[in-house]
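# Survey of secondary and tertiary structure
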Amino acid sequence: MKKYQCPVCKYIYDPEKGDPTQNIPAGTAFEDLPDTWVCPLCKAPKKSFAPVED
């Protein structure tokens, strides 16, 4: 599963960790996050995130 990065604060969403701050369980792919999900650090919208190249 791909990681995605916030362009504002550089937070990286890692699907292996999920997002405990918003009750997103580990193993949740970025594509499966609800459209209402926002960056846990700066509240940027999901649509602004970009895939991280390995």
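One can find the structure itself at the top, above this paragraph.
Residues numbered from 1 in each chain as written. Predicted model: local features only at pLDDT ≥ 70, side-chain atom pairs only at ≥ 80, totals over all residues. Heavy atoms only, no water.

### Notes on the nonpolar core
Tyr 4, Cys 6, Tyr 11, Tyr 13, Ile 24, Phe 30, Leu 33, Trp 37, Cys 39, Ala 44 and Phe 49 together form the largest nonpolar core, which totals 11 residues. Those residues within four positions of Tyr 13 in sequence are excluded, and the remaining contacts are Lys 3, Tyr 4, Gly 18, Asp 19, Ile 24, Thr 28, Ala 29, Phe 30, Leu 33, Trp 37 and Phe 49. (Core = buried A, V, L, I, M, F, W, Y, C linked by side-chain atoms within 4.5 Å. Buried < 20%, exposed > 50% of the residue type's maximum accessible area, 1.4 Å probe, protein only. Contact = heavy atoms within 4.5 Å.)

### Looking at the sheet that holds strand E3 (residues 50–51)
Strand order in the open sheet made by the 3 strands is E2-E1-E3, with antiparallel pairing throughout. The outermost strands of the open sheet, each flanked by one partner alone, are strand E2 (12–13) and E3. Of the strand pairs in this sheet, strand E1 (residues 4–5) and E3 are connected by 2 bridges, and their pairing is antiparallel. Bridge pairing links Gln 5 to Ala 50 in E3. (Pairing = 2+ DSSP bridges. Helix = DSSP H or I, 4+ residues; strand = E, 2+ residues; numbered from the N terminus.)

### Things to note about the side chain of Asp 19
Along the chain, Asp 19 turns up in the loop between E2 and E3. Lacking a salt bridge, the buried Asp 19 has Lys 43 as its closest oppositely charged neighbour, with an N-O distance of 7.7 Å. (Lys, Arg positive; Asp, Glu negative; His and termini not counted. Salt bridge = Lys/Arg side-chain N within 4 Å of Asp/Glu carboxyl O.)

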